[in-house]
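# Residue-level structural notes
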Amino acid sequence: MTETPPAPGPAPGLTPIPVLLYHAVMDDPPAWIAEFSVGPRDFAAQLDAVVASGRSPVPVSTLVRHLTHRAPLPPRPVVLTFDDGFADLPGPTAEALAARALPATAYLTTGALTPGRTSLLPPAPMMALGQAGLLGAYGVEVGAHTVTHPQLDTLRAPALHRELYDSKRALEDVLGREVAHLAYPHGYNSAAVRRAAARAGYASAVAVRHALSSDRDETYRIARLIVRRTHTVADVASWMAGEAAEGERGRVAPFPDSLPTLGWRLYRGARARVRGPEFAG
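Just so it is clear, the structure is predicted and the values come from calculations on it, not from any experiment.

## Remarks on the environment of leucine 97
Counting through the fold element by element, leucine 97 comes out in helix 4 (residues 89–99). Overall, the relative accessible area of 0% leaves leucine 97 in the buried class. Distance in space between the C-alpha atoms of leucine 97 and leucine 47 is 7.6 Å, their sequence separation being 50 residues. Once residues lying within four places of it in the same chain are set aside, the contact partners of leucine 97 are Phe43, Leu47, Leu80, Phe82, Leu102, Ala104 and Val140.

## Digging into the layout of surface pockets
The space that makes up the largest pocket amounts to roughly 250 Å³. As for the largest pocket, its lining consists of Asp153, Thr154, Leu155, Arg156, Arg265, Leu266, Gly269, Ala272, Arg273, Gly276 and Pro277.

## Observations concerning the pattern of salt bridges
Summed over the entire model, instances satisfying the criterion amount to 14 salt bridges. Between arginine 224 and aspartate 83 there is a salt bridge, with its nearest N and O atoms 2.9 Å apart. One end of the pair, arginine 224, is in strand 10 (residues 222–226); the other, aspartate 83, is in strand 4 (residues 77–84), and 141 residues separate them in sequence. No difference in accessibility class separates arginine 224 from aspartate 83, as the two residues are buried. Among the ionic pairs, glutamate 172 bridges to lysine 168, the shortest N-O distance being 2.6 Å. With glutamate 172 and lysine 168 both in helix 6 (residues 157–175) and four residues apart, this pair spans about one turn of that helix. Of the residues examined, lysine 168 reaches a relative accessible area of 8% and is grouped as buried.

## A few points about the pairing of strand 6 (residues 140–144)
Counting buried positions over the five residues of strand 6 gives five, a clear majority of the element. Of the two faces of strand 6, the one carrying Val140, Val142 and Ala144 and the one carrying Glu141 and Gly143 are both buried. Relative to strand 6, strand 5 (residues 104–108) is paired through five bridges, and the arrangement is parallel. Counted as the bridge partner of alanine 104 is valine 140 from strand 6.

## Notes on the packing of aromatic side chains
A full pass over the atoms with the stated rule returns six aromatic pairs. Here the aromatic rings of tyrosine 22 and phenylalanine 82 are separated by 5.3 Å at their centres, their planes lie at 20°, and the arrangement is stacked. In this pair, tyrosine 22 is assigned in strand 2 (residues 19–22) and phenylalanine 82 in strand 4, connecting sequence segments 60 residues apart. Residue classification places tyrosine 22 among the buried positions, given a relative accessible area of 1%. Arranged with centres 5.4 Å apart and planes meeting at 15°, the rings of tryptophan 264 and tyrosine 267 form a pair that is stacked. One end of the pair is tryptophan 264 and the other is tyrosine 267, both in helix 9 (residues 259–275) and three residues apart, which spans about a single turn.

## Quick look at the nonpolar core
Among the nonpolar cores identified, the biggest contains 50 residues, and Phe43, Leu80, Phe82, Leu97 and Leu108 are the most heavily contacted of them. Formed by 12 residues, the second largest nonpolar core is a distinct cluster that contains Val58, Leu63, Tyr107 and Val206.

Reading guide: rules and limits
Residues numbered from 1 in each chain as written. Predicted model: local features only at pLDDT ≥ 70, side-chain atom pairs only at ≥ 80, totals over all residues. Heavy atoms only, no water. Helix = DSSP H or I, 4+ residues; strand = E, 2+ residues; numbered from the N terminus. Buried < 20%, exposed > 50% of the residue type's maximum accessible area, 1.4 Å probe, protein only. Contact = heavy atoms within 4.5 Å. 1 Å grid on protein atoms, 1.4 Å probe; cavity = no way out; pocket = protein on both sides within 12 Å on 5 of 7 lines; lining within 4 Å. Points joined across faces, edges and corners; volume = space filled by probe spheres on them. Salt bridge = Lys/Arg side-chain N within 4 Å of Asp/Glu carboxyl O. Pairing = 2+ DSSP bridges. Phe/Tyr/Trp six-rings, centres within 6.5 Å; stacked < 30°, edge-to-face > 60°. Core = buried A, V, L, I, M, F, W, Y, C linked by side-chain atoms within 4.5 Å.

This is the structure:
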């Protein structure tokens, strides 16, 4: 589904910042996304754990201003993000966030939310692109997650540009304002993809990396932690403490790509040249 986890190791001198990645929040999600979904009750309990931790919730844009301009961050920040744009997002999920005064950032896959367009995402209940404007009232800023949700590091330059530029433009047309932040589908990226994101006008991009971010993270591959259905409130509390959840590897970004990650990228690139773009579930 995502990048290969890094090898464990210390990261001295870095201040850990948890950046959590959610997908669907529903009791009965489609099988393909079930592992990466949480039920509404568990979601509420996890949000309560974030509040109880005393961390200061901020959207991605606040973290990015610190990474790029060293703008001040509040004490012990935490960032909540949501990928794809499932149907729950502009309704009960956004309401649960707003009820706790928790800002967030949502990255929307425009092709999956637009009538007449297609994406590589399998069928699922999705919000409509026109609902993107509703999210701001709940304190949720909007970023792009490409048009079709491809593995960006396997695309040729023209296709890569279309995915980055067209999704940004579609969201800006709906919102009437700039969309400055990007999430790489599956977290997959490369130096070439990161340069393309900057050229397309994005101020930042989030990856996955299965690690805590930090006050020194890379602006175009900010580390996130995927919240899975198996994660507990205790796991979220560990992340809020700047530690790994039980049974997970603990690392703080930035760090170089591991050899398995580099090898997996080469394999996927070769496979894409034969099969074409595909979902990496």
